[in-house]
Amino acid sequence: MGKNIIHVTDSTFEEEVLKSDTPVMVDYWAEWCGPCRAIAPVLEELADEYNGKLIVAKMDVDQNQSTPQKYAVRGIPTLMIFRNGDVIGTKVGQASKSQLSVFIDSTI
């Protein structure tokens, strides 16, 4: 796991994501999800590249069900960028590093 990726849970979500001064991109994922595992190394690279500008967080949807339900996560992987407690961007499904960079740059 990348040193710049944090893990959030239903109980830490508000403090680590909603109250963060830095935009946070949450990766809703599950251990059994192939596309989720496929983008994990890309997210680690992005967490390093955007360090200081964007926090990358992962949330296991099997172990944390109330937060994904609250934000209507229907498919995984789902990436949501939060700023000041609000969702400012959502991307569902597997994407390349360049696609994710464009998503992040156009959102934050």
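Residues numbered from 1 in each chain as written. Predicted model: local features only at pLDDT ≥ 70, side-chain atom pairs only at ≥ 80, totals over all residues. Heavy atoms only, no water.

A look at the environment of threonine 12
Thought 1: With respect to the helices, strands and loops of the structure, threonine 12 is situated in the loop between strand E1 (5–7) and helix H1 (13–18).
Thought 2: Threonine 12 gets classed as partly exposed once you look at its relative accessible area, which sits at 25%.
Thought 3: Setting aside anything within four residues of it in sequence, one finds threonine 12 in contact with His7 and Val17. (Helix = DSSP H or I, 4+ residues; strand = E, 2+ residues; numbered from the N terminus. Buried < 20%, exposed > 50% of the residue type's maximum accessible area, 1.4 Å probe, protein only. Contact = heavy atoms within 4.5 Å.)

Side note on the environment of alanine 95
Thought 1: Residue position: alanine 95 is located in the loop between strand E5 (86–92) and helix H4 (97–107).
Thought 2: For alanine 95, a relative accessible area of 10% puts it in the buried group.
Thought 3: Considered as a pair, alanine 95 and alanine 38 are 57 residues apart in the sequence and their alpha carbons are 9.4 Å apart.

What about the packing of aromatic side chains?
Thought 1: According to the stated counting rule, one finds 3 aromatic pairs in the structure shown.
Thought 2: Ring plane angle 45° and centroid distance 5.7 Å describe the contact between phenylalanine 13 and tyrosine 71, whose orientation is recorded as tilted. Residue phenylalanine 13 is found in helix H1, and its partner tyrosine 71 is found in the loop between helix H3 (66–70) and strand E4 (78–83); the two are separated by 58 residues along the sequence. An identical accessibility class is assigned to phenylalanine 13 and tyrosine 71; each is buried.
Thought 3: Judged by centre distance (5.1 Å) and plane angle (85°), the rings of tyrosine 71 and phenylalanine 82 are edge-to-face. In this pair, tyrosine 71 sits in the loop between H3 and E4 while phenylalanine 82 sits in strand E4, placing the two residues 11 residues apart along the sequence. Like tyrosine 71, the residue phenylalanine 82 is buried in the burial classification.
Thought 4: One aromatic cluster in this structure is built from Phe13, Tyr71 and Phe82. (Phe/Tyr/Trp six-rings, centres within 6.5 Å; stacked < 30°, edge-to-face > 60°.)

Limitation: the analysis is restricted to geometry and does not speak to function.
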